[in-house]
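Structural overview for review
What follows is each chain in one-letter form.
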Amino acid sequence: MGLLAQTLPFTAHAETDSDRELLELYYEPQDLTVSTATRSPRPLSRSAENITVITAEQIEAMNAHTLADVLATVPGVQVSGNTAPASITFTEFAGATTRYIQILVDGVPIDDQFDNFAAPGMVPVQIIERVEVLKGPASSSWGNSLGGIVNVITKEPALHASFSGAASFSGGENGTRDGRGEVSGTVGSFGYYLSGGNVKSNGFHSFNATENNNAYAKLRWNLADRGSLRLTFNSMETAPQIGLITFADYSDRLKIRFLQSTISLDYNLTDRLTFSTFFKGSRFDYTRIDDTLSTGERFSTITSDEITSGGAAILTWRQGVHTLTGGVEFDHGQTKTNFDYPLFLFNQTIDASNDKWGFFLNDTIAWERFSITPAVRYDLTSHSGDFFSPSLGATFSVTDKTLLRAYAARGYNLPILNPAYSTKDNGWTVQAGLETTDIPFLWLKGTWFRNQFKERGDTVTRTLREGFEIEARTAPIYNSWLTAGYVFTDAKNLQTDEKLPAVARHTWDVGLHYDDRTFRGALTGAYRWWNTPDYYGAEYNNFIWDLNLGWRFFRSDNTEAELFATGHNLFNGAQYHDEIFKNPGRWFEGGLRIKW
């Protein structure tokens, strides 16, 4: 939700004195900090960007499997292609397509370089402490991010226990199952967090089976009161299938493996000056085999092997009204991709690399009710030249419960790492918004946006995505609350004035929630109206209604056990923008979660 809603307690009757004290947190946005916009922590109440935060507690209440399930609940975000749990999906922010959105885990992009594509269905939810979603260009901090950022912040080792953990297992229709476990603790100055899991499904259409395996580790050494040193390792593998549903005469068998490792240091040089640095390395392997179903022959095989390494050094200085953050980062990426089409006797290998240096500086100047955030970044790349990315944001607290925002930024997106493509897409965003709890028992957020891009293919195309978002949430009364969100996007080609196809023009999200810390439930509905040509074979006439339930049937000082269940697409609705990616019909799953 937004900055005010994130501090909202889920456990109160609004009428009691205790509950009124808790509800006061509802109006304290400074209790929540975010780091995505400036790469250093700052209050969300001082953030001019349109940022949504999803916490681990909210993710657990969704009974989600992967990051893709989480993103699908965010107003203004469209996740399509989810034909089975943990499948390959496409993500859009108000019409900004997947290749314009950078997804980070521990500060490392999981996008492949050859196609600028990230698979959020690979990221398991159990490792997530929170997700920060920034909609619109974020190039002044992150460089390559014309459409936005999804920043996955992973869990830290438990501070107050030497050994704690959680385990869960769920099963459902069509061979769907999800097993995962995690252990965590701190002994002296050493902390650890270890996690692993497997998600598997036979799919809900022919040739749509999928399987994911993941393992994650984080080790932390506390450096007295000065900071900490962290080492992470992340392994994610997926083997989905995209096959015949209607007219297509082929079945894609994919195998994707992503390995990443980081070592990072956060150190307080003085009370006002903090130094952070990290080094990262990742490897991305991709194999796609297309079989023609009518003949049984292999149509094509595409393999890709990518290696990326780099690092960053960041200084954050806090003095008076200023929070100044500056840094430099370096990335070296190399990809080797082979295309083999035996039916056409065609074989080609593309070998390319890119070195990128980025220099960035931003300042959050907070003075009483007003804050302003100027930011600049300059990127030098060996593959596609240089780019300058400025941004300017401002916030103003009209009252203690009403906040105004304004933001303007220039951004870019790197072309695919192929010698035939060397020109960046680029564009501007202008945003303005309001967030308030001045209406009793209601949190309300509204944002207007105008994104104008120059997209470069065979020719330059100037496009516009303009619209507004509205989100609302009630305070909990008798442990129950309502949520709602609506986003309108007018997306068009500025040169022809034609509407852009397959962009969600209207999106609705509604929900009824209950949680008394023993029983919980959420009935949520989502609707997307895509502007699609007839030949897409799209269907989007129905809301998709899901029901999530949970019963915490055991609780002691150190242990908790919960039974949970989900009914997906309760009324068997159809909502998809392309008939190749028909959404599953009604199906059910349930499981057990234990924490200690």
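Residues numbered from 1 in each chain as written. Predicted model: local features only at pLDDT ≥ 70, side-chain atom pairs only at ≥ 80, totals over all residues. Heavy atoms only, no water.

1. Brief notes about the overall build of the protein
The helix and strand inventory of the protein stands at 4 helices and 34 strands. A globule of 596 residues ought to have a C-alpha radius of gyration of about 25 Å, and the protein, at 23 Å, matches this closely. Considered along the principal axes of its C-alpha atoms, the protein spans approximately 75 × 55 × 50 Å. Counted over contacts in the protein with a minimum sequence separation of 6, partners at least 24 positions apart contribute 60%. (Helix = DSSP H or I, 4+ residues; strand = E, 2+ residues; numbered from the N terminus. Rg over C-alpha atoms; globule rule 2.2 N^0.38 Å. Contact = heavy atoms within 4.5 Å.)

2. Quick word on the pattern of salt bridges
Tallying each qualifying case throughout the model produces 35 salt bridges. Here Arg230 makes a salt bridge to Asp266, at a shortest N to O gap of 3.1 Å. Taken as a pair, Arg230 in strand E14 (residues 227-238) and Asp266 in strand E16 (residues 250-268) lie far apart in primary sequence, 36 residues in all. The class for Asp266 is partly exposed, based on a relative accessible area of 29%. Taken together, the salt bridges that share partners define one network made up of Glu57, Asp515, Arg517, Arg552, Arg555 and Glu560. (Salt bridge = Lys/Arg side-chain N within 4 Å of Asp/Glu carboxyl O. Buried < 20%, exposed > 50% of the residue type's maximum accessible area, 1.4 Å probe, protein only.)

3. So, the packing of aromatic side chains
Tallied over the entire structure, the rule returns 24 aromatic pairs. Ring plane angle 80 degrees and centroid distance 5.8 Å describe the contact between Tyr100 and Phe453, whose orientation is recorded as edge-to-face. In this pair, Tyr100 sits in the loop between strand E5 (90-93) and strand E6 (101-105) while Phe453 sits in strand E25 (residues 442-456), placing the two residues 353 residues apart along the sequence. Across the pair, exposure class does not vary: Tyr100 and Phe453 are buried alike. Considering the side-chain rings of Phe543 and Trp545, the 5.6 Å spacing of their centres and the 25 degrees angle between planes classify their relative orientation as stacked. (Phe/Tyr/Trp six-rings, centres within 6.5 Å; stacked < 30°, edge-to-face > 60°.)

4. Describing the nonpolar core
Membership of the largest hydrophobic core comes to 44 residues, with the highest contact counts inside it found for Ile54, Ile59, Leu67, Ile110, Val131 and Val150. When contributions to this core are tallied by element, the ones reaching two or more residues are helix H3 (67-71), strand E4 (77-80), E6, strand E8 (128-135), strand E9 (148-154), E16 and strand E17 (273-292). With 4 residues, H3 is the single largest residue contributor to this core. Discounting residues that sit within four places of it in the chain, Val131 has contacts with Thr52, Val53, Ile54, Ile59, Leu67, Val150 and Asn151. (Core = buried A, V, L, I, M, F, W, Y, C linked by side-chain atoms within 4.5 Å.)

5. Some remarks on unusual backbone geometry
Positive phi, close to 55 degrees, is recorded for Asp106, a residue that is not glycine. Along the chain, the position of Asp106 falls in the loop between E6 and strand E7 (108-109). Its relative accessible area of 18% is what places Asp106 among the buried residues. Not every positive phi belongs to a glycine, and Ala224 is a case in point at roughly 50 degrees. For Ala224, the location among the structural elements is in the loop between strand E13 (210-223) and E14.

6. Details of the pairing of strand E23 (residues 402-413)
Examined bridge by bridge, strand E22 (residues 385-399) and E23 share 8 bridges and lie antiparallel to one another. Residue Ser391 lies in a different strand from E23, and its bridge partner there is Ala409. Remark: 2 residues form the turn of the hairpin made by E22 and E23, two consecutive strands paired antiparallel. (Pairing = 2+ DSSP bridges.)

7. Topic: a nonpolar patch on the surface
Residues Phe163, Tyr514, Phe519, Trp551, Phe553, Phe554, Leu563, Leu592, Ile594 and Trp596 make up a contiguous nonpolar surface patch of roughly 910 Å² in combined accessible area. Only strand E31 (544-555) and strand E34 (587-595) provide two or more residues apiece to the nonpolar patch. For the nonpolar patch, the element with the most residues is E31, which contributes 3 residues. Examined against the element boundaries, Tyr514 turns out to sit in strand E28 (residues 503-515). Tyr514 sits in the partly exposed class, given a relative accessible area of 32%. (Patch = residues over 30% accessible without salt bridge, like charges linked within 9 Å, V, L, I, M, F, W, Y side chains within 5 Å. Areas by Shrake-Rupley, 256 points an atom, 1.4 Å probe, with all protein chains shown as cover.)

8. Looking at the sheet that holds E7
Pairing is mixed across the open sheet formed by 5 strands, whose spatial order is E3-E8-E9-E6-E7. What marks the edges here is a single partner per strand, and that holds for strand E3 (50-55) and E7. Examined bridge by bridge, E3 and E8 share 6 bridges and lie antiparallel to one another. Paired with Thr52 across the strands is Val133, a residue of E8.

9. Some points on the environment of Leu324
Considering the arrangement of structural elements, one finds Leu324 in strand E19 (residues 322-341). Those residues in contact with Leu324, other than ones at most four positions away along the chain, are Leu315, Thr316, Trp317, Leu361, Asn362 and Asp363.

10. A look at the pairing of strand E21 (residues 370-381)
Of the two faces of E21, the one holding Ser371, Thr373, Ala375, Arg377, Asp379 and Thr381 is buried and the one holding Phe370, Ile372, Pro374, Val376, Tyr378 and Leu380 is not buried anywhere. Hairpin connection of strand E20 (residues 346-367) to E21: 2 residues between the antiparallel strands, including Glu368 at a positive phi of 50 degrees. Where E21 folds back onto E22 in an antiparallel hairpin, the turn is made up of 3 residues.

11. What to know about the confidence of the model for the protein
Scored by pLDDT, the protein has a mean of 89; 93% of the residues are at 70 or more. The model gives residues 1-31 a pLDDT under 50, and that stretch makes 84 contacts with residues more than four places away or in other chains. (pLDDT = per-residue confidence, 0-100.)

12. A look at the environment of Asn362
Among the structural elements, Asn362 can be located in strand E20. Assessed through its relative accessible area of 2%, Asn362 is described here as buried. Taking C-alpha positions, Asn362 is 47 Å from Ser300, a pair spaced 62 residues apart along the chain. With residues near it in sequence (within four places) discarded, Asn362 still touches Thr38, Ser141, Thr323, Leu324, Thr325, Pro374 and Ala375. Within the local environment of Asn362, its side chain forms a polar contact with the backbone oxygen of Thr38, the two atoms lying 3.3 Å apart. (Polar contact = N/O pair within 3.5 Å; in protein donor to acceptor, adjacent residues only side chain to side chain.)

13. Section: the side chain of Asn413
Turning to its location among the elements, Asn413 is positioned in strand E23. On the basis of relative accessible area, Asn413 is assigned to the buried category, the value being 1%. Engagement of the side chain of Asn413 in a polar contact is seen with the backbone oxygen of Arg99, the distance being 2.7 Å. Every residue in contact with Asn413, bar those within four places of it in the chain, is listed here: Arg99, Tyr100, Asn116, Asn144, Ser145, Leu146, Lys424 and Asp425.

14. With respect to the side chain of Ser87
Tracing the backbone through its elements, the reader meets Ser87 in the loop between E4 and E5. Its relative accessible area of 7% is what places Ser87 among the buried residues. There is a polar contact of 2.8 Å between the side chain of Ser87 and the backbone oxygen of Ala84. Once you skip the residues sitting within four places of it in the chain, Ser87 turns out to touch Gly81, Asn82, Gly121 and Thr210.

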